[in-house]
Every structure is written in C-alpha cells, then in structure tokens.
Amino acid sequence: MTTANLFIPLAAEQKSAEVTDWAARIGWVVGLLLFVVLVYWLMRQGWKWRGSLQSDVPDLPTAPEPPGEARLALTGRYHGSTTAGQWLDRIVAHGLGTRSRVELTLTDAGLDVVRPGATDFFVPAAQLREARLDKGIAGKVLAEGGLLIVTWQHGDRLIDSGFRSDRSAEQAEWVAAINHVVMNSMNHSTTTEGAS
C-alpha cells in the first residue's frame, strides 16, 4: 500500500463544518440584551422605591462659612451610609447612597464631606456620635479595620457613613480625633445645661 492510498480514506471521511444558524444566534443575543435591560430597570426602580421610603430624611446640612481651622484632612472614597448598627440598610435619600471620591475635613465645627460629582454635606460637631474602624458597609467589605465608620445624628436617625482613606494608616488617627471632638461636644453641652 502506498502513502497516497493511506490518505484517501481520511480525505473521504472529512465533513464540511456545519452552517451557523444566524437567525437563532441573533435571537439569543437580542433576548439576552433585553434581559439585561430589564434587570437594570428593576434595579433602578428598587433604588427609587428605597429613596421614596426614606423621604422622611431631612435635607443635609451644609458647611458654615468660614468652616474653621482644619484639624485633619483626607482624600479617599465615600462608600455610602446606612442606618447605624445595620450595615446592610443603605440610605439613598439625598444622594447618601451614591459612592464617590471624597475630601474629608475635620474642624471644631464638625465634619465637612466634599464629594465631587455627588451631594456634599456637613456633620456639625454636636451631631457626631462616634468613629470606629470596621470591615464593611452596604456593598463594600474589606479586611478588618479597612473602613472608617462615622456615626452621626440626622433628624431622628442615627447614620453610619463609611469612608476609606487613600492612606489607610491614617484612619486610626481619624477615629481618635473624631471621638475627641465628640467628647468635647458632650462636655460642652453638659456644662451649658449645668449653667442654666
């Protein structure tokens, strides 16, 4: 048997590739795109619904003019706000649910939160309750102590707001400084009540 005779059966067994059914493929792609659009629309409606449920949240305070001398400043990320102690109960009213870059400034008057592309707000010193390092807030989980959580009073609500500094080593200093402002504010209000 010659070499040519060995290849003849192989050539005879080869089949041409199946023709792609373009109509079915296009139908699947269109169906998938419609499904993605539907899921996105449902998520957006859920976000709006949550915002309407939180319509009792008062407008956010703005920084006083002049805000006072800065004790500390940091740049980083704002990861959102939740009901205090309930790290999955996100607050979306007034843009508090929008993640963004952040510039935090702590003064004797309070905490100034400047968010490029989102709503800025100010937490007066009398409304600050505590600061701590934690591992998570709605939609963001990091290593233990990876987030700076600031608890503050807004209307009838206690709110936890989560921040992450670009230089995470400075977050412990922020916890100490905010808690110092809280203690000074509590001592000042106790002294004022005692004098009256």
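One can find the structure itself at the top, above this paragraph.
To start, this report covers the structure provided alongside it. (Residues numbered from 1 in each chain as written. Predicted model: local features only at pLDDT ≥ 70, side-chain atom pairs only at ≥ 80, totals over all residues. Heavy atoms only, no water.)

Section: the overall build of the protein
Summing up its helical and strand segments, the protein has three helices and 10 strands in all. Its helices and strands in sequence order give the protein the pattern α-α-β-β-β-β-β-β-β-β-β-β-α, from N to C terminus. Within the protein, the proportion of its 196 residues that are buried is 32%. Within the protein, contacts between residues separated by at least 24 positions form 60% of all contacts whose residues are at least 6 apart in sequence. Here the protein displays about 12,400 Å² of accessible surface, and carbon together with sulfur accounts for 60% of that area. (Helix = DSSP H or I, 4+ residues; strand = E, 2+ residues; numbered from the N terminus. Buried < 20%, exposed > 50% of the residue type's maximum accessible area, 1.4 Å probe, protein only. Contact = heavy atoms within 4.5 Å. Areas by Shrake-Rupley, 256 points an atom, 1.4 Å probe, with all protein chains shown as cover.)

A look at the pairing of strand E4 (residues 110–114)
Within E4, four of the five residues are buried, which leaves the element mostly enclosed by the surrounding structure. With four bridges joining them, strand E3 (residues 100–107) and E4 adopt antiparallel strand pairing. Directly across from Glu103, in E4, lies its bridge partner Val114. As consecutive antiparallel partners, E3 and E4 are separated by two residues. Note: E4 against strand E5 (residues 121–124), four bridges, orientation antiparallel. (Pairing = 2+ DSSP bridges.)

Re the pattern of salt bridges
Oppositely charged side chains can pair when the atoms bearing their charge come close. For the coordinates displayed, the defined rule picks out six salt bridges. Between Arg71 and Asp108 there is a salt bridge, and its shortest N-O distance comes to 2.7 Å. Residue Arg71 is located in strand E1 (residues 70–83), and its partner Asp108 is located in the loop between E3 and E4; the two are separated by 37 residues in the primary sequence. The exposure class of Asp108 is exposed, given its relative accessible area of 56%. Where Arg132 meets Asp160, a salt bridge forms, and the shortest distance between an N and an O atom there is 3.2 Å. (Salt bridge = Lys/Arg side-chain N within 4 Å of Asp/Glu carboxyl O.)

Topic: unusual backbone geometry
Of note, the phi angle at His94 is positive, near 60 degrees, even though the residue is not glycine. Counting through the fold element by element, His94 comes out in the loop between strand E2 (90–91) and E3.

Overview of the side chain of Ser100
One can find Ser100 in strand E3. What makes Ser100 buried here is its relative accessible area of 6%. Not counting chain neighbours up to four residues away, the residues in contact with Ser100 comprise Gly76, Arg77, Tyr78, Arg115, Pro116 and Ala118.

Thoughts on the side chain of Asp112
Tracing the backbone shows Asp112 in strand E4. Despite its burial, Asp112 pairs with no opposite charge; the closest candidate is Arg115, at 9.7 Å N-O. (Lys, Arg positive; Asp, Glu negative; His and termini not counted.)

Looking at the pairing of strand E9 (residues 147–154)
Counting buried positions over the eight residues of E9 gives eight, a clear majority of the element. Residues Leu147, Ile149, Thr151 and Gln153 of E9 are buried on one face, and the alternating residues Leu148, Val150, Trp152 and His154, pointing to the opposite face, are buried as well. Taken together, the six bridges between strand E6 (residues 128–134) and E9 define a ladder with antiparallel strand orientation. The residue bridging Leu128 from the neighbouring strand is Trp152, located in E9. Direction of pairing for E9 relative to strand E10 (residues 157–165): antiparallel, over a ladder of seven bridges. By the bridge assignment for E10, His154 is matched with Arg157.

These results come straight from atomic positions and should not be treated as a statement about function.
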